[in-house]
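Architecture at a glance
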Amino acid sequence: MNMQANYIAGDWVDSSDANDNINPSDLSNVVGRYARASAAQTEQAIAAARAAFPAWAATTPQQRADILEAAGNEIMARKAELGELLSREEGKTLAEGIGETMRAGQIFKFFAGEALRTPGEKVASIRPGVDVEITREPLGVIGIITPWNFPIAIPAWKLAPALAFGNCVVLKPADLVPGCAWAISDILVRAGLPAGVLNLVMGRGSVVGEAILSSPQIDGVSFTGSVATGKHVAAKCAESLKKVQLEMGGKNPFVVLDDADVGVAADAAVNGAFFSTGQRCTASSRLIVTEGIHDSFVNTVIEKLKGLKIDNALDPTTHIGPVVDQSQLDQDLSYIEAGQKEGAKLAWGGERLNRETEGFYLQPALFTETSNDMRVNREEIFGPVATVLRVKDYDEALATANDTSFGLSAGIATSSLKHASHFKRNAEAGMVMVNLPTAGVDYHVPFGGRKGSSYGSREQGRYAVEFYTTVKTSYTAP
Ligand code: NAD
């Protein structure tokens with residue numbers, strides 16, 4: 001099988017090491033063989049980005065917008081093919097894969113517009129005759145490190161603003177899902193990016209990631225992944241005073257009040273907790289339910305789970321695809337065991353499933369009778385596992401929702417304006433959803449969290465400019 005190469009300094013370059021990209025729905029199916037960059041190749045990529053930076057930073061916003069627009073159009077035109085690639089390498093359903101691909105296209109087109117709208121200010125000076133201008137300049141060379149669970153959308157929402165505002169990039173996708181990152185790099189290169197502006201270095205975090213963090217030539221690192229790796233990234237960036245932005249895990253609460261529509265609440269809970277196999281940082285992993293609606297809510301959720309088809313991601317009738325790999329499956333199963341040992345009741349699912357093709361299939365698991373101090377309620381599981389916490393009223397629900405070290409997304413199902421408004425103001429999360437799943441966001445508004453979920457400035461929408469530019473204040477006397 002041919003190796004898909006890294007892209008360094010304007011050339012596609014093989015490596016001595018390579019990675020077989022395996023389809024988690026069918027372990028006999030190899031998506032492709034992808035080169036794994038060495039530390040030396042990563043350093044070459046960084047040097048190429050540094051060399052390309054002055055000329056790229058000096059391009060007009062129109063030149064950058066045209067490239068991003070063309071890339072966005074190609075991604076959208078190829079949504080069926082790229083969506084299938086995504087589903088093959090990550091295991092989310094075909095519909096989810098195509099939806100994520102469309103999202104990536106929309107993000108590139110949005111940031112094509114943002115390149116033209118790079119903001120600045122002119123303000124009055126306190127000194128007579130002096131002009132003060134505040135302008136934004138590109139940060140420089142950005143290291144982009146991404147996780148496996150959104151193989152095309154997360155690289156897109158970091159690459160697009162980085163390039164729109166005139167930065168050069170070294171992209172390191174997760175080792176499990178190099179295919180989508182390779183495809184969008186190829187599209188961007190053919191859309192007209194000059195050599196060195198974008199470099200793709202696939203491979204291991206311990207090799208490629210470390211080389212990015214250790215390089216004095218990197219000005220900023222945008223990272224999405226786990227809390228443990230994120231803390232390490234932040235510490236390494238602090239040593240050399242690199243700008244850093246981290247998006248990490250979640251343990252997102254979804255509150256259901258007695259006055260909620262039980263069908264709406266159960267739909268939002270099932271979607272938020274289990275779709276995309278629960279492998280979303282915004283997944284509704286803690287369902288916090290008041291006493292009066294508890295039993296009917298749990299019964300409705302279980303009825304809905306019984307109707308879901310867990311099978312090969314490429315089968316169009318599948319609702320939930322497989323877990324991404326063996327080690328994530330082991331993690332999910334170990335939490336399912338831990339929950340039962342801690343005294344939680346496994347009300348539905350949790351067992352491994354065999355399907356026509358050999359894959360990492362897991363029946364979604366719902367725990368009831370849990371308390372918020374159990375490990376299944378404290379730690380991110382990152383799989384199709386959710387818990388129900390029974391509470392007496394709204395006040396206890398809010399306190400339980402906020403009793404976590406994470407703060408990415410929080411949701412509430414209620415027909416009470418009073419409780420919805422209070423929850424929006426008092427939920428300790430970066431994103432709040434009313435009568436909607438905790439997962440599922442728009443691309444033109446900021447994305448991010450609080451506490452252990454995020455660090456640094458927000459991603460996406462107009463707020464992305466904060467990370468990818470640096471501010472200059474100029475004073476001019478006549
Ligand atoms: P991970 O932390 O294991 O890996 C993330 C990336 O960091 C990968 O590219 C990996 O190769 C790289 N990496 C690993 N070690 C490194 C090192 N020493 N130096 C530099 N880079 C290194 O995370 P994952 O398992 O790929 O993704 C799952 C996690 O991502 C979950 O915790 C999930 O909540 C989180 N996530 C967060 C968001 C968000 O926006 N908040 C979105 C998606 C996923």
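Here is what the cut-offs are and how they apply
- Counting of residues starts from 1 at the beginning of each chain's written sequence and follows it residue by residue.
- Two thresholds apply to this predicted model, a pLDDT of at least 70 for residue-level local features and 80 or more for giving and counting side-chain atom pairs, whereas whole-chain, interface and lining totals are computed over all residues.
- Heavy atoms from the whole structure form the basis of all side-chain values; hydrogens and water molecules are not counted.
- Cavities and pockets are defined on a 1 Å grid built over the protein atoms alone: a cavity is a set of grid points where a 1.4 Å probe fits but cannot escape, while a pocket is an open set with protein on both sides within 12 Å along at least five of seven lines, and lining residues are those with an atom within 4 Å of any such point.
- Grid points are joined across faces, edges and corners, and a volume is the space filled by probe spheres set on the points.
- Where a domain begins and ends is set by an automatic assignment or by a domain database.
- Secondary structure follows DSSP: runs of H or I at least 4 residues long count as helices, runs of E at least 2 residues long count as strands, and numbering of each begins at the N terminus.
- Any pair of nitrogen or oxygen atoms within 3.5 Å is treated as a polar contact; in protein, a donor-acceptor pairing is required on top of that, and neighbouring residues in sequence qualify only through side-chain atoms on both sides.
- Here, residues are in contact when the closest pair of their heavy atoms is within 4.5 Å.
- A pair of strands counts as paired when DSSP detects no fewer than two bridges linking them.
- Axis angles are defined between N-to-C directions and span 0 to 180 degrees, where every axis is a line fitted to C-alpha atoms and, for a helix, only to the segment in contact.
- What counts as a salt bridge is simple: a side-chain nitrogen of Lys or Arg found within 4 Å of a carboxyl oxygen of Asp or Glu.
- Think of it in three bands: with a 1.4 Å probe and only protein chains considered, a residue is buried below 20% of the maximum accessible area for its type, exposed above 50%, and partly exposed in between.

We now examine the layout of surface pockets. In this model, the largest pocket occupies a volume close to 790 Å³. Forming the walls of the largest pocket are 36 residues, and the residues nearest its centre are Pro 147, Trp 148, Gly 225, Ser 226 and Thr 229. When we break the lining of the largest pocket down by domain, the ones giving at least three residues each are domain 1 (3-248 + 453-476) and domain 2 (253-434). Volume-wise, the second largest pocket comes out at about 450 Å³. If you go around the second largest pocket, you meet 19 residues; those closest to its centre are Arg 103, Phe 150, Arg 280, Gly 440 and Val 441.

Once that is clear, we can look at the side chain of Thr 224. Relative to the helices and strands, Thr 224 resides in strand S11 (residues 220-224). Within the structure, the side chain of Thr 224 is placed 2.8 Å from the side chain of Lys 158, a separation counted as a polar contact. The contacts of Thr 224, once residues within four sequence positions are left out, are Ile 145, Thr 146, Pro 147, Ile 154, Lys 158, Glu 247 and Glu 459.

Looking now at the sheet that holds strand S6 (residues 121-124). One key point about sheets: their strands pair by backbone hydrogen bonds, in either a parallel or an antiparallel sense. Here we have three strands laid out as an open sheet, ordered S6-S7-S23, and antiparallel in their pairing. The strands lining the two open edges of the sheet, one partner per strand, are S6 and strand S23 (469-476). Sheet twist, expressed as the average angle between the axes of neighbouring strands with direction ignored, equals 25°. Bridging between strand S7 (residues 131-138) and S23 involves eight bridges; their strand directions are antiparallel. The partner of Asp 131 across the bridge, within S23, is Thr 476.

Our focus in this paragraph is the pattern of salt bridges. For the coordinates displayed, the defined rule picks out 26 salt bridges. One salt bridge in this structure joins Lys 341 and Glu 337, with 3.0 Å as the shortest N-O distance. Of this pair, Lys 341 and Glu 337 both sit in helix H11 (residues 326-341), separated by four residues, roughly a single helical turn. Assessed through its relative accessible area of 45%, Glu 337 is described here as partly exposed. Salt-bridge contacts for Arg 390 lead to Glu 369; the nearest nitrogen and oxygen are separated by 3.2 Å. Highlighted residues: Arg 390 in strand S19 (residues 385-391) and Glu 369 in the loop between strand S18 (365-368) and helix H12 (375-378), separated in sequence by 21 residues. Relative accessible area serves as the criterion here: at 37%, Arg 390 is assigned to the partly exposed category. For Glu 369, a relative accessible area of 40% corresponds to the partly exposed category.

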